[in-house]
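Breakdown of the fold
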Amino acid sequence: LAASVKYVADVQRELNFAIIARADAERRRAQAEALIGFMVGVLRRKLEPVGRLDVLDDVGAQALRYFRSLRPDEISPEELRRNAKTLSQLGEVRIAQGNLKAAEEVLQSSLSLAAAAARRDPADGRNQLELGASRFWMGSLRRQQGDLGGALDYYGEYLRISEALAAAEPRNAEYQLEVGYGHSNVGTILEQRGDLEGALQHFRQAVAIKERRLQSDSGRADW
């Protein structure tokens with residue numbers, strides 16, 4: 001009986017240590033991700049106007065290594081989504097710098113994390129929205145690279161995701177606007193490929209969505 005009591009106590013103590021260690025690791029991971037997010041988000045917006053995005057080069061390299069070290073099955077869909085967004089922002093930095101090769105590496109990682117989040121929790125519209133955003137940025141990259149066919153594929157997927165979200169939640173103004181953006185992007189590529197009639201159809205749908213939005217609050221000058 002004494003040996004059993006000691007065994008149970010030892011197991012409980014080890015379990016407590018494991019719980020504490022895991023909580024500490026999660027806290028440190030959250031701090032690291034918040035710091036990276038600040039650097040490629042808030043700090044980036046301050047550096048871009050003065051032409052100093054190069055300050056983020058080392059940050060970007062370290063961030064990419066960090067996110068690649070994560071195991072998607074060990075972190076929550078919310079964390080996957082947040083990390084995918086951070087990598088998308090880093091991809092924006094690379095595109096703004098004209099470093100399209102590095103941008104592709106980052107954006108592929110972003111797309112991978114966003115897809116994992118959507119698979120883990122497909123019912124969460126935020127995961128689907130981030131997956132759409134990752135595809136949008138891959139489309140923008142392909143457009144910069146001159147690959148209009150690839151850009152159209154990614155923009156088309158972004159539009160389909162947005163349409164599915166808008167159909168599921170017709171009163172969600174954000175989803176409706178994403179559909180408008182999707183039509184604008186697809187229309188732009190079709191126009192560049194010479195399909196003017198196809199482009200016009202998408203542009204008309206984008207305009208209609210934005211006009212309906214404006215009618216809901218005609219005092220919004222930004223709209």
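Before reading further, recall that the structure is shown in the block above.
A brief report on the enclosed structure follows. Here the structure is a predicted model, which is why all the values come from computation and not from measurement.

**Concerning the overall build of the chain**
Counting its regular elements, the chain contains eight helices and zero strands. Ordered by position from the N terminus, the helices and strands of the chain form the series α-α-α-α-α-α-α-α. Here the chain holds 223 residues, and 41% of them are scored as buried. For the chain, the exposed surface amounts to about 12900 Å²; the carbon and sulfur share of it is 53%.

**Re the layout of surface pockets**
Which parts of space are left empty comes out when a probe the size of a water molecule is rolled across the atoms. Reported here for the largest pocket is a volume of approximately 380 Å³. In terms of lining, the largest pocket is formed by 18 residues, of which the most central are K85, L129, E130, A133 and W137. Ranked by residues supplied to the lining of the largest pocket, first place goes to helix α3 (residues 77-97) with seven residues. Tallied by class, the residues present in the lining of the largest pocket amount to six nonpolar, four polar and eight charged. Reported here for the second largest pocket is a volume of approximately 180 Å³. Surrounding the second largest pocket, P170, R171, N172, A173, Q176, L177, I209, R212, R213, S216 and W223 form its lining.

**Describing the packing of aromatic side chains**
Summed over the entire model, instances satisfying the criterion amount to three aromatic pairs. With a centroid separation of 5.0 Å and 75° between ring planes, the pair formed by F136 and W137 is classed as edge-to-face. Among the aromatic side chains, those forming a connected cluster through ring pairs are F136, W137, Y155 and Y158.

**Examining the environment of R120**
You can see R120 is positioned in helix α4 (residues 100-120). Considering only alpha carbons, one finds R120 and E78, 42 residues apart in sequence, at a separation of 9.8 Å. In contact with R120, not counting residues within four places along its chain, are P72, D73, I75, S76, P77 and L80.

**Brief notes about a nonpolar patch on the surface**
A surface patch of nonpolar side chains, about 310 Å² in accessible area, is lined by Y7, V8 and V11. Relative to the helices and strands, V8 resides in helix α1 (residues 2-47).

**Looking at the side chain of S162**
Relative to the assigned elements, S162 resides in helix α6 (residues 148-168). On the basis of relative accessibility, which here comes to 3%, the residue S162 falls in the buried class.

**Focus on the nonpolar core**
With 37 residues, the main nonpolar core has L80, L87, L131, M138, L141 and V186 as its most contacted residues. Of all the secondary structure elements, the ones that give two or more residues to this core are α2 (57-69), α3, α4, α5 (125-144), α6, α7 (173-192) and α8 (196-215). Looking at which element gives the most residues to this core, the answer is α4, with ten residues. Beyond its immediate stretch of four places on either side in the chain, L141 contacts I95, L100, A103, E104 and L107.

**Some points on α7**
Here α7 is 20 residues long and its end C-alpha atoms lie 29 Å apart, about the 28 Å a rise of 1.5 Å per residue gives. Two or three places before E174, at the opening of α7, N172 has a side-chain oxygen 3.0 Å from that residue's backbone nitrogen. Phi turns positive, to about 95°, at G194, one or two residues after α7.

Rules used in this analysis
- Residues numbered from 1 in each chain as written.
- Predicted model: local features only at pLDDT ≥ 70, side-chain atom pairs only at ≥ 80, totals over all residues.
- Heavy atoms only, no water.
- Helix = DSSP H or I, 4+ residues; strand = E, 2+ residues; numbered from the N terminus.
- Buried < 20%, exposed > 50% of the residue type's maximum accessible area, 1.4 Å probe, protein only.
- Areas by Shrake-Rupley, 256 points an atom, 1.4 Å probe, with all protein chains shown as cover.
- 1 Å grid on protein atoms, 1.4 Å probe; cavity = no way out; pocket = protein on both sides within 12 Å on 5 of 7 lines; lining within 4 Å.
- Points joined across faces, edges and corners; volume = space filled by probe spheres on them.
- Nonpolar A, V, L, I, M, F, W, Y, C, P; charged D, E, K, R; others polar.
- Phe/Tyr/Trp six-rings, centres within 6.5 Å; stacked < 30°, edge-to-face > 60°.
- Contact = heavy atoms within 4.5 Å.
- Patch = residues over 30% accessible without salt bridge, like charges linked within 9 Å, V, L, I, M, F, W, Y side chains within 5 Å.
- Salt bridge = Lys/Arg side-chain N within 4 Å of Asp/Glu carboxyl O.
- Core = buried A, V, L, I, M, F, W, Y, C linked by side-chain atoms within 4.5 Å.
- Expected span 1.5 Å × (residues − 1).
- Polar contact = N/O pair within 3.5 Å; in protein donor to acceptor, adjacent residues only side chain to side chain.

Any functional reading would require information beyond the geometric quantities listed.
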